[in-house]
Amino acid sequence: MPVQKPVQKPTDGYHDHPVRSYVLTGGRAHPTRNTLRPETLLCAVDDGRELPLGAGRHERALLETCRGTLSLAELAAYLRLPASLVAVLVSDLIDAGYLAVRSGGAHDLPGIDLLEEVLDGLRNF
Amino acid sequence: MASATSEPDALVQDAVVPDAAAGAQHLAPTVVRSVKILVVGAYGVGKTTLIGAVSEIPILSTEETITTASVGVDPRLGAKSTTTVAMDFGRVTVGGETALYLFGTPGQRRFWDLWVGLADGAVGVLLLVDTRRLEDSFEVLDQLEEHTQLPVAVVVNEFPGAPAHAAEDVLRALDLPLDTPLVSGDLRGRAQAVEALRALVAHAVRLRSAESSAA
Ligand SMILES: Nc1nc2c(ncn2[C@@H]2O[C@H](COP(=O)(O)OP(=O)(O)OP(=O)(O)O)[C@@H](O)[C@H]2O)c(=O)[nH]1
Ligand SMILES: [Mg+2]
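Everything numeric in this text was worked out from a predicted model, so none of it was measured.

K.L.:
Let's hear about the site of ligand 1: which residues, and what values?
P.N.:
Residues and elements named next belong to chain B. Residues in close proximity to ligand 1 total 14 residues, the closest being Lys47, Thr48, Thr49, Asn157 and Leu187. Asp186 places a polar side-chain atom, nitrogen or oxygen, 2.9 Å from an oxygen atom of ligand 1. One of the side-chain N or O atoms of Arg188 is found 3.2 Å from a nitrogen atom in ligand 1. When ligand 1 is considered free in solution it has 660 Å² of accessible area, and contact with the protein chains removes 69% of it. Broken down by element, the shell around ligand 1 gets its largest block of residues, three residues, from helix H3 (residues 47-54).

Right, dumping it as structure tokens:
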């Protein structure tokens, strides 16, 4: 079953992830964009801009970890957070211009050119 | 205090999860895209072993929590009805520009329901089977049928003592098309694991070419 969206503010929200995610993300349980996948490549935008003082520690850790390119799944693993929560945080940081998606065409099936390139790459191992 | 000015962002540094950033193994700057393959199979069939044999990074794991409808109604009940589902994965850079992710996905229904978007856009599925307990693969196959139309290749993990079977017999038993690639061997070796990936991607290329020439 899908992750349930909480229907009220929890009283002891730190015992399970969906409720916790809800608090950490300011009341939203789902990312605003649906193009993020576990393999989507992300990289911090290197323009010297600092996060606002009010930003949470997960956002800071996330940007810090994204100084180089990583997938959303890797970010979740390194930060020890559920990928569903990381997707929400990432989505906000992209909207605010702190984080960029590096991999293109996330909506499509890999085309034949890309498949052949992967096959060649595997042949060269 | 004299040192206060030399450490202006001590507070900010403190707030960062320290080992997350330090331990991260970033992709090379040449990598511009990613693709993925799902490694599926019954409990203990060798998914993590295969991923570990080819991955350029140590196996990583991420967890999701499933909570029943009682959340938000009664927190005490909610805490009881929560289970965790973990996903192992690895990564290998192919051809310098592409990161190939290998996601190890268990067969249970709850897993597929949880990881929305996991199968979307995947190159294909490596289905690992143990011929001593082929029937354990049926739940995985049901889930695949329900959630994806991805190219599939079968990997027979030859555990010691497992009886040898003709490829055709295995495919028939799994009710898979007889042109499905099948490789077998000991998945602890890198060569076997790479061979399995090649077989799957080559199959995906064939299927895609057939599609585009039919269109
Ligand atoms: N002899 C032999 N043992 C193997 C092979 N592949 C895996 N094993 C062993 O089988 C056990 C299970 O392998 P895993 O890779 O953990 O299997 P898994 O599918 O990831 O298991 P779960 O994640 O628990 O479902 C481990 O003890 C492996 O060392 C193989 O090819 N030959
Ligand atoms: Mg495993």
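K.L.:
Outline the pattern of salt bridges, listing residues and values.
P.N.:
Residues and elements named next belong to chain B. Tallying each qualifying case throughout the model produces 16 salt bridges over all chains. Note that Glu56 and Arg91 form a salt bridge whose closest N and O atoms lie 2.8 Å from each other. A residue pair is termed long-range when its members are at least 10 positions apart, and Glu56 in the loop between H3 and strand E2 (60-67) and Arg91 in strand E3 (residues 82-94) qualify at 35 residues. The partner of Arg133 in a salt bridge is Asp136, with the nearest N and O atoms 2.7 Å apart. Asp136 gets classed as partly exposed once you look at its relative accessible area, which sits at 33%. Through salt bridges with shared partners, a single ionic network connects Asp130, Arg132, Arg133 and Asp136.

K.L.:
Quick one: what's the story with helix H2 (residues 57-65) of chain A, residue by residue and with numbers?
P.N.:
In terms of burial, H2(A) is largely enclosed, as seven of its nine residues are buried. His58(A), Glu59(A), Arg60(A), Ala61(A), Leu62(A), Leu63(A) and Thr65(A) are the residues of H2(A) that are buried.

K.L.:
Quick rundown of unusual backbone geometry? Include the residues and the values.
P.N.:
Unlike most non-glycine residues, Arg80(A) shows phi in positive territory, near 55°. Classification of Arg80(A) as exposed rests on a relative accessible area of 67%. Non-glycine residue Asp175(B) carries a positive phi angle of around 60°. Along the chain, Asp175(B) falls in the loop between helix H7 (167-173) and strand E7 (182-185).

Reading the values: the criteria
Residues numbered from 1 in each chain as written. Chains lettered and ligands numbered in written order. Predicted model: local features only at pLDDT ≥ 70, side-chain atom pairs only at ≥ 80, totals over all residues. Heavy atoms only, no water. Near = heavy atom within 4 Å. Polar contact = N/O pair within 3.5 Å; in protein donor to acceptor, adjacent residues only side chain to side chain. Areas by Shrake-Rupley, 256 points an atom, 1.4 Å probe, with all protein chains shown as cover. Helix = DSSP H or I, 4+ residues; strand = E, 2+ residues; numbered from the N terminus. Salt bridge = Lys/Arg side-chain N within 4 Å of Asp/Glu carboxyl O. Buried < 20%, exposed > 50% of the residue type's maximum accessible area, 1.4 Å probe, protein only.

That's the geometry; what it means functionally is another story.
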